[in-house]
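This is what each chain is made of:
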There are 2 protein chains.
Amino acid sequence: MIEGHGNDLYRYGDKVKSDFSSNVAARRVPDALLAFLATQLETIATYPEPDSETLRNALGSRLHVDANQVFVANGSVEAFYTIAAAFRQSRSLVLIPSFAEYEDACRMHDHTIFYKSNEQLCEAGIVCPQLVWLGNPNNPDGRLYAAKEIEEQLLQNPDTVFVVDEAYGELCSGFESVIDLVNRFDNLIVVHSMTKQYVLPGLRLGYMVTSRSLAARLRSFSVPWAVNALAQKVGVYLINNEELYFRNKENTLRRSIELQKRFSALPGITVIPSPCNFFLLRTDGLEASVVKEKLLNDFGLLVRDASNFRGLDNHSIRISVQTEEENEKLFIAMEKMIGIRNQKSGSKSQDKSLTINN
Amino acid sequence: MIEGHGNDLYRYGDKVKSDFSSNVAARRVPDALLAFLATQLETIATYPEPDSETLRNALGSRLHVDANQVFVANGSVEAFYTIAAAFRQSRSLVLIPSFAEYEDACRMHDHTIFYKSNEQLCEAGIVCPQLVWLGNPNNPDGRLYAAKEIEEQLLQNPDTVFVVDEAYGELCSGFESVIDLVNRFDNLIVVHSMTKQYVLPGLRLGYMVTSRSLAARLRSFSVPWAVNALAQKVGVYLINNEELYFRNKENTLRRSIELQKRFSALPGITVIPSPCNFFLLRTDGLEASVVKEKLLNDFGLLVRDASNFRGLDNHSIRISVQTEEENEKLFIAMEKMIGIRNQKSGSKSQDKSLTINN
């Protein structure tokens, strides 16, 4: 639908000193990767492989599946639209709150859409959907499903195809991928991003893996030359250079837990506990749009107003943790905003509703 | 359909010394552009604009249309699939021979497809199509329609939407764009590529322009974040740097006419005259696949076996002219292949069927 929910950093330019609004890893693009990219610029002079054959082969070997079960996509978002097109007019169950592109893709291709809270995976079969869409870990709340839970659903609902979005798997503690289940189940599509942990969302690179039987169906709905030549080269490079893997994950996740704990202690703020580098918080007395604007204008800090996630209200904010210093700035800014800093230590208001401290 | 008809350079690697198989301009990527690209690599670290707003605005100003009438695409191929999706299950007339992606896109979205020779634009309305797809200039034969011809069709068939693919306009003599007609007609979509004249097909960048009324329809079938950040930056850069425009076009077209003339004089070879940097030839007695293999294996020259264009048979080859020296090599190789070089000068065979000279 070309709305591009959230991720509006580009609208604010230099105004933003720290960006907590995007879920990519809190690191710089690895220098080695930028250096590699600089050597590849001339590849733009020829057409890319129409179906990213070399990268598909590399991913197939790495993931222990046949290369024909792998589809490289122009970002994981493109994969969702390909799936929705291939299952046109299906009954789709979307577990919410979740990434808006699942339902947008379904709507574009005339699905009948049902919504359930993402805690109710066990009831997935109840509406007899042909497709179930879920994020694991889920964006925006960091909800995690055990591989066993998903496997059980695959088993119990053989006529339902499960689309499992693992884009944020590498940025989450306790995550279990279900990719290896594609060789045991015919009703599973696993979608991955290759840009979140390496901080490359501008390059557009994702992939999906599925069973042999579903692969043929997805193939007839794939658009040729969809993945640019630089992204294909980078994909192969990343697979062959494991040392670029996001090694600092544990530190990031520790910072996330710390920040969640500190926010929880603030009056009028409720944190939804998350094992990921991002988490949701509710600002009970303040609208998310107001908090976002004030953090941006007064402090140069950009957070994600999460009000437009279906199932959330207009008091929801998503935070992606950054460096220790940046997190500290965000915390202090929030404290100031809600007036804590002006109160005497120890006299923390018990009133859970907030007022802006102008 | 992810088949990627033609453009198989990537399959042959170092074996290819000269590539006559791809229709991009016979030049190197401009150095200034590569230098610019090198300064933009860090943009991959953030999400691109979801609908290429900055580039749309720049194109809108340049083309004298509202930015909302412009859609930036992940290569012009993506535009064809977006159009086909937006006009799902239409009656589509495809003028052939032409780029296979028109019909592939229609097939993906369940159109009923009719075919007519591309000489019969004047009869376009006869099958009462909802969509007419045509290349101007047309790939693979270089056929050119006058703007007046297209305007007449728009006028005579107000209920038919004309998709005019102008991807090769800049590589053709006498080409007249119909972009300015989008403000006068509600039934026109013009598709452009930004990569052909600058030799950037690996980057993926195209756009389409249409009337305000069709724009809303196309918008609901566009996928967000489809155009990578580097392509968007390059697009704006190209619009602001007219000096990078393909100034050597006339030379290239002169070389094309020369080469067509020389090939026409060879026995057993028929050239379809083309005002573009590419043209079709028929090798009467030899299969195109055999000619292609032999040119590749014996001479390192890659041509496009055009047999798989609907409406052409397996004796059709498409040549995109290159430098004077490269064209000379191709001509000599063809002469050798068909045995002319071994015959005494002046005793040119009158037999129009060819045999390979092993």
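Rules used throughout
Residue numbers run consecutively from 1 along every chain, following the written order of its sequence. To read the labels, note that chains go from A and ligands from 1, taken in the order they are written. Side-chain atom pairs in this predicted model are given and counted only at pLDDT of 80 or more, local residue features only at pLDDT of at least 70, and totals for whole chains, interfaces and linings cover all residues. Here the side-chain values reflect all heavy atoms present in the structure, with hydrogen atoms and water set aside. Secondary structure elements are taken from DSSP: a helix is a run of H or I of four residues or more, a strand is a run of E of two residues or more, and numbering for both begins at the N terminus. Residue contacts follow a heavy-atom distance rule, with two residues in contact if any of their heavy atoms lie within 4.5 Å. Pairing between two strands requires that DSSP report at least two bridges joining them. What counts as an axis is a line fitted to C-alpha atoms, over the stretch in contact for a helix, and the angles between N-to-C directions run from 0 to 180 degrees. Here is the rule for angles: anything less than 35 degrees is roughly parallel, anything more than 145 is roughly antiparallel, 65 through 115 is roughly perpendicular, and the remaining ranges are oblique. Crossing handedness is read from the near helix: turned anticlockwise from the far helix by less than a right angle, it gives a left-handed crossing, and turned clockwise, a right-handed one. Polarity classes work like this: nonpolar for Ala, Val, Leu, Ile, Met, Phe, Trp, Tyr, Cys and Pro, charged for Asp, Glu, Lys and Arg, and polar for all others, with Gly in that last group. Residue types Ala, Val, Leu, Ile, Met, Phe, Trp, Tyr and Cys, when buried and joined through side-chain atoms within 4.5 Å, form a set referred to as a nonpolar core. Buried residues are those whose accessible area, probed at 1.4 Å on protein chains only, stays under 20% of the maximum for their type, while exposed residues exceed 50% and partly exposed ones sit between those limits. One side-chain nitrogen of Lys or Arg within 4 Å of one carboxyl oxygen of Asp or Glu is enough to make a salt bridge. Only four residue types enter the tally: Lys and Arg on the positive side, Asp and Glu on the negative side; His and the chain ends are excluded. Pairing of N or O atoms within 3.5 Å defines a polar contact, subject to two protein rules: one partner must be a possible hydrogen donor and the other a possible acceptor, and residues neighboring in sequence count only if both atoms are side-chain atoms. Here the aromatic set is Phe, Tyr and Trp, taking the six-membered ring for Trp, and pairing holds for ring centres within 6.5 Å; pairs whose planes are under 30 degrees apart are stacked, those over 60 apart are edge-to-face, and all others are tilted. Any Lys NZ or Arg CZ found within 6 Å of a ring centre and within 35 degrees of that ring's normal is scored as a charge over the ring.

Student: Got a minute to help me understand the environment of Leu34(A) in this structure?
Tutor: Within the fold, Leu34(A) resides in helix α1 (residues 31–39). Separated by 200 residues in the primary sequence, Leu34(A) and Val234(A) place their C-alpha atoms 9.6 Å from one another. Those residues within four positions of Leu34(A) in sequence are excluded, and the remaining contacts are Val29(A), Leu41(B), Glu42(B) and Ile44(B).

Student: What is the right way to read the sheet that holds strand β10 (residues 278–283) of chain B from this model?
Tutor: Strands in a sheet are paired, the pairing made by backbone hydrogen bonds, and the direction either parallel or antiparallel. Across the sheet, which stays open at both edges, the four strands sit in the order β9-β10-β13-β12 (chain B) with antiparallel pairing between neighbours. The open sheet has two free edges, formed respectively by β9 (269–272) and β12 (304–305) of chain B, since each of these has just one partner strand.

Student: Is there a simple way to think about the packing of helix α9 (residues 288–299) of chain B against helix α10 (residues 324–337) of chain B in this case?
Tutor: Helix-helix packing is characterised by the crossing angle of the two axes and by the distance between the axes. Residues and elements named next belong to chain B. Between α9 and α10, the shortest axis-to-axis distance is 11 Å and the interhelical angle comes to 115°. With respect to α10, the axis of α9 lies roughly perpendicular. In the packing of α9 onto α10, the handedness of the crossing is right-handed. In this structure, α9 contributes Val291, Lys294, Leu295 and Phe299 to the contact, and α10 contributes Leu330, Ala333, Met334, Lys336 and Met337. Here the residues of the contact of α9 with α10 are counted per class, giving seven nonpolar, no polar and two charged.

Student: When you look at the nonpolar core in this model, what are you seeing that I'm missing?
Tutor: As a rule of thumb, soluble globular proteins bury nonpolar side chains together. Counting residues in each nonpolar core, the largest one holds 178 residues, and the members touching the most others are Ile83(A), Trp133(A), Ile83(B) and Trp133(B). When residues no more than four places from it in sequence are discounted, the contact partners of Ile83(A) are Leu131(A), Trp133(A), Val163(A), Ile189(A), Val191(A), Met208(A) and Leu218(A).

Student: Sorry if this is basic, but what is going on with the environment of Lys261(B) here?
Tutor: Take Lys261(B): it is sitting in helix α8 (residues 249–264). For the pair formed by Lys261(B) and Asp110(B), sequence separation is 151 residues and the distance between their alpha carbons is 42 Å.

Student: Is there a simple way to explain the pattern of salt bridges in this structure?
Tutor: Between side chains of opposite charge, a pair can form as their charged atoms come close. All names here are of chain A. With the rule as written, the count across this model stands at 38 salt bridges over all chains. In this structure, glutamate 103 and arginine 310 form a salt bridge, with 2.8 Å as the shortest nitrogen-oxygen distance. Of the two residues, glutamate 103 is situated in helix α4 (residues 100–108) and arginine 310 in the loop between β12 (304–305) and β13 (316–320); the sequence distance between them amounts to 207 residues. Note on glutamate 103: relative accessible area 8%, which makes it buried. Relative accessible area serves as the criterion here: at 36%, arginine 310 is assigned to the partly exposed category. A single network of salt bridges, built from pairs that share partners, joins Glu103, Asp104, Arg107 and Arg310.

Student: In this structure, what is going on with the side chain of Arg204(B)? I would like to understand it.
Tutor: By the element assignment, Arg204(B) lies in the loop between β7 (188–193) and β8 (206–210). One buried charged side chain, Arg204(B), makes no salt bridge at all; its nearest oppositely charged neighbour is Glu78(B), positioned 8.8 Å away. A polar atom in the side chain of Arg204(B) sits 2.8 Å from the backbone oxygen of Trp225(A). Among the polar contacts made by the side chain of Arg204(B), one reaches the main-chain carbonyl oxygen of Pro201(B) at a distance of 2.9 Å. Residues within four places of Arg204(B) in sequence aside, it is in contact with Tyr47(A), Pro48(A), Trp225(A), Asn228(A), Ala73(B), Asn74(B), Gly75(B), Val77(B), Asn228(B) and Ala231(B).

Student: Help me understand the sheet that holds strand β8 (residues 206–210) of chain A, please; the structure alone is not making it clear to me.
Tutor: All names here are of chain A. Taken in spatial order, the seven strands line up as β2-β8-β7-β6-β5-β3-β4 in an open sheet, and their pairing is mixed. Sheet topology places β2 (70–73) and β4 (112–117) at the edges, where each strand pairs with a single neighbour. Looking at each pair of strands side by side, their axes are set apart by 20° on average, direction ignored. The strands that helix α6 (residues 212–219) touches are β2, β6 (161–165), β7 (188–193) and β8; relative to β8, the one it contacts most, it runs at about 135°.

Student: Help me out: how do you make sense of unusual backbone geometry in this one?
Tutor: Most peptide bonds adopt trans geometry, and most residues besides glycine take a negative phi value. A cis geometry characterises the amide bond from Asn136(A) onward to Pro137(A), with omega recorded as -5°. Mapped onto the fold, Pro137(A) is located in the loop between β5 (131–135) and α5 (147–156). Going from Ile96(B) to Pro97(B), the amide bond is cis rather than trans, its omega being -5°. With phi around 55°, Ser52(A) is a residue other than glycine that occupies positive phi space. Judged by its relative accessible area of 2%, Ser52(A) falls in the buried class. The backbone of Asp110(B) sits at a positive phi, close to 60°, despite the residue not being glycine. Among the structural elements, Asp110(B) can be located in the loop between α4 (100–108) and β4 (112–117).

Student: Just to check I follow, could you spell out the packing of aromatic side chains for this structure?
Tutor: Both the distance between ring centres and the angle between the ring planes are used here to describe each pair of aromatic rings. Under the counting rule described, the total for this entry stands at 22 aromatic pairs over all chains. Here the aromatic cluster, defined as three or more aromatic residues joined through ring pairs, consists of Tyr47(A), Trp225(A), Phe80(B), Phe99(B), Tyr102(B) and Trp133(B). Here Arg217(A) stacks its cationic end above the ring of Phe87(A), 3.9 Å away from the centre of that ring. Its guanidinium or amino end placed over the ring of Phe331(A), Arg262(A) lies 4.0 Å from that ring's centre, counting from NZ or CZ.

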